[in-house]
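Residue strings, one per chain:
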Amino acid sequence: MALSLPFLKTDTTIHDRIVPPSGFTARLTILTAGAMAFLAVFALTLSLATGRLAERWGGELARSSTVRISAPSDQVAAQTQAALDVLATTPGVQSARALDSEEERALLEPWFGPSLPIDTLPLPVLIEVIETSDGYDAEGLRLRLAGEAPGAVLDDHTRWRKPLVVAANRLRFLGVICLILITGVTAAMITLAANAALAANGQVIRVLRLVGAKDSYIASAFIRQFTLRGLSGALIGTVMGLISVALLPNTQASGGFLTGLGFQGFEWLWPFVIPPFAAAVSFFATRFAANRTLKRLM
Amino acid sequence: MIEFNNVAYGYGGRDLLTEISLSLNPGSFHFLTGPSGAGKTTFLKLCYRELEPTAGQIHLFGQATRDITRDQVAELRRKTGVVHQDCKFLDHLSVAENIAMPLSVAGKPMDVANLTELMAWVGLSERADALPAELSGGERQRAALARAVIMSPDVVIADEPTGNVDWDMSLRLLQLLIELNRMGKTVIIATHDMHLIRQAKSQVQTRVLRIANRRIQQAGVDL
Ligand SMILES: Nc1ncnc2c1ncn2[C@@H]1O[C@H](COP(=O)(O)OP(=O)(O)OP(=O)(O)O)[C@@H](O)[C@H]1O
Ligand SMILES: [Mg+2]
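Residues numbered from 1 in each chain as written. Chains lettered and ligands numbered in written order. Predicted model: local features only at pLDDT ≥ 70, side-chain atom pairs only at ≥ 80, totals over all residues. Heavy atoms only, no water.

### Quick notes on the site of ligand 1
All names here are of chain B.
For step 1, the next point in the chain: Close contacts around ligand 1 come from 13 residues, with S36, K40, T41, T42 and Q85 the closest.
For step 2, the next point in the chain: Interatomic distance of 2.7 Å between a side-chain N/O atom of T41 and an oxygen atom of ligand 1.
For step 3, the next point in the chain: Considering ligand 1 on its own, with 630 Å² of exposed area, one finds that the protein chains cover 57% of that surface.
For step 4, the next point in the chain: Element by element, the count of residues in the shell around ligand 1 is highest for helix α1 (residues 40–47), at 3 residues.
For step 5, the next point in the chain: For the shell around ligand 1, the class distribution of residues is 4 nonpolar, 7 polar and 2 charged. (Near = heavy atom within 4 Å. Polar contact = N/O pair within 3.5 Å; in protein donor to acceptor, adjacent residues only side chain to side chain. Areas by Shrake-Rupley, 256 points an atom, 1.4 Å probe, with all protein chains shown as cover. Helix = DSSP H or I, 4+ residues; strand = E, 2+ residues; numbered from the N terminus. Nonpolar A, V, L, I, M, F, W, Y, C, P; charged D, E, K, R; others polar.)

Structure follows, in structure tokens:
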């Protein structure tokens, strides 16, 4: 018997094809999922980079300040000791110690070269102050230093550092908000697309029910289709986003003060969470839409 | 198998069928006749729970049809093969795939040899790869019959299965239904065709139900 059944190898292939193909909706869904994934890559970059920034400025390194003693040479030692005494009794100061001449040389070397005759120069003494995580009251300290050691000047970094940390944390927060919004928009978009597909295929659903299809059979066909679309769109968008991030100019070279905008080290793994996450969002959004519609189309 | 208990049904408040009490036994062969618009299709829809009665009770396979879940409805339909008056298919799938659809829906494995035999049985071997839209009216009805019986259901319901086919093909389709009945299936056929009923009576024990005045009457032995 000349009977060719090209699509009848297994019954699952029928299940895969019960939802009629709709090129336009499919392409539109993939495109939107791709765009959302692309945006997610950047929101992720923003969050991670600003997180690094906040950590750097708020971290141990940044919790140091310096007291500079510039006094006539016969008073330097006394004023240094006086300043150290004041610092030792200041709440919020974890430790304070005067840098020795070797350390001062190391600090100055980038500017003046290694052959600096440091002993013959009237350099101020530098006291490194490490504050506790609570910090100290800069104004109060300044007043007390002025009383005990008139040549002492407090270089307080917190004045410019704190707003930067706040700004960085805000930016990171905004990045996270963006990620949440992107997730929500993706879910809404997939729900709308799935709803449209379900509505357009009312006849298919009716026929399937007449031959004994349960909701799970019908729903899973739609869920499969939209999960695959969400996944493939997100894969494309993520790859495009990663390429764009990789092509960002490297700010690292121009100075470590600003952190690079891209991903660093293990952070490159984060974007690879986006496609499976998009697939999961598509899965649940379509399941939600399908369950609702199938209940209504009783 | 199918039990009606003082059932009434009406579209939009007006009763189309009332006071219907009957019981169709396993292995029986019934014809359903009546003028166009009398409610034959409506009665059959009550039999596979496409419709719920507005009054009274229906039991299918011993199960009350009121307040059952959609999954239970699906299970009922798997035990009932239906040839609808307007044979509906998935228009983007081939005829063979449409006929095999109940198997896929029920998660049953497909036996290609079986399917091939079934398609030959209804004379559609040459049309397996065609789309439903490419079939003639009679071919659609044969495809619908094949789809209705592929799961080997306990009950076969056919709504005007010979409406679009010539006499020879009518006899052939009837022969298929009689064979199914001989295999122990309960068969219900809605038809206007008295010749067909007479033809069947010469081969199997049949009963004729006639819808008149919103009620179903058991027609006399002689037609
Ligand atoms: N969904 C519906 N809504 C409202 N009225 C309906 C609906 N379906 C059928 N009817 C009406 O109910 C009556 C019976 O319809 P039904 O299809 O059961 O008749 P029938 O006996 O099968 O007729 P035919 O021999 O022409 O197929 C008709 O008057 C029809 O117009
Ligand atoms: Mg009818």
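After presenting the structure, the write-up continues.
### A closer look at the nonpolar core
For step 1, the next point in the chain: In this structure, I18 and L208 of chain A together with I99 and M101 of chain B are the most contacted members of the largest nonpolar core, which totals 75 residues.
For step 2, the next point in the chain: In this structure, I18 of chain A is in contact with V204, L208, Y217 and A221 of chain A together with L90, H92 and M101 of chain B, ignoring residues within four places of it in sequence.
For step 3, the next point in the chain: Core analysis: the next-biggest nonpolar cluster, separate from the first, contains 30 residues, I20, A38, L44 and V155 of chain B among them. (Core = buried A, V, L, I, M, F, W, Y, C linked by side-chain atoms within 4.5 Å. Buried < 20%, exposed > 50% of the residue type's maximum accessible area, 1.4 Å probe, protein only. Contact = heavy atoms within 4.5 Å.)

### Here we look at the coordination of the magnesium ion (ligand 2)
For step 1, the next point in the chain: The protein atoms donating to the magnesium ion (ligand 2) are T41 of chain B (OG1) and Q85 of chain B (OE1), with metal-donor distances spanning 1.9 to 2.2 Å. Of this pair, T41 of chain B sits in helix α1 while Q85 of chain B is found in the loop between β6 (80–83) and α3 (95–106), placing the two residues 44 residues apart along the sequence. (Donors = N, O, S within 2.8 Å, 3.2 Å for Na, K, Ca; no water.)

### Some words on the domain arrangement of chain B
All names here are of chain B.
For step 1, the next point in the chain: Looking at the assigned domains, one finds that chain B contains domain 1 (1–79 + 155–223) and domain 2 (89–152).
For step 2, the next point in the chain: A C-alpha centroid distance of 23 Å is found between domain 1 and domain 2.
For step 3, the next point in the chain: Taken together, the contact between domain 1 and domain 2 spans 16 residues of the former and 14 residues of the latter.
For step 4, the next point in the chain: Buried area between domain 1 and domain 2, summed over both chains or domains, comes out near 1200 Å², and the portion from carbon and sulfur atoms is 63%.
For step 5, the next point in the chain: Counting every contact that joins domain 1 to domain 2 gives 0 salt bridges.
For step 6, the next point in the chain: Linking domain 1 to domain 2 there are 3 residue pairs in polar contact (both at pLDDT 80 or more).
For step 7, the next point in the chain: Top element by residues in the side of domain 1 that touches domain 2 is helix α6 (residues 167–182). It accounts for 7 residues. (Domains from an automatic or database assignment. Buried area = accessible area lost by both parts, 1.4 Å probe. Salt bridge = Lys/Arg side-chain N within 4 Å of Asp/Glu carboxyl O.)

### Observations regarding the domain arrangement of chain A
For step 1, the next point in the chain: As far as domains go, chain A holds domain 1 (6–54 + 169–296) and domain 2 (71–150).
For step 2, the next point in the chain: Placing the centre of domain 1 of chain A and that of domain 2 of chain A at their C-alpha centroids yields a distance of 57 Å.

### Side note on the UniProt feature "transmembrane region" (unreviewed entry) in chain A
For step 1, the next point in the chain: According to UniProt, the feature "transmembrane region" (unreviewed entry) maps to residues 28–49, 171–198, 230–248 and 268–290 of chain A in the numbering used here.
For step 2, the next point in the chain: Secondary structure within residues 171–198 of chain A divides into 100% helix and 0% strand; the distance between the first and last C-alpha atoms comes to 40 Å. (UniProt positions renumbered as here; feature names shortened; annotations may be inferred.)

### Digging into the pattern of salt bridges
For step 1, the next point in the chain: Throughout the structure, instances matching the rule amount to 14 salt bridges over all chains.
For step 2, the next point in the chain: Of the charged contacts in the structure, one is a salt bridge between R127 of chain B and E139 of chain B, with a shortest N-O distance of 3.7 Å. Of this pair, R127 of chain B sits in the loop between α4 (112–121) and α5 (137–149) while E139 of chain B is found in helix α5, placing the two residues 12 residues apart along the sequence.
For step 3, the next point in the chain: What makes R127 of chain B partly exposed here is its relative accessible area of 27%.
For step 4, the next point in the chain: Look at the salt bridges and you will find they share partners, linking R209 and D215 of chain A together with R70 of chain B into a network.

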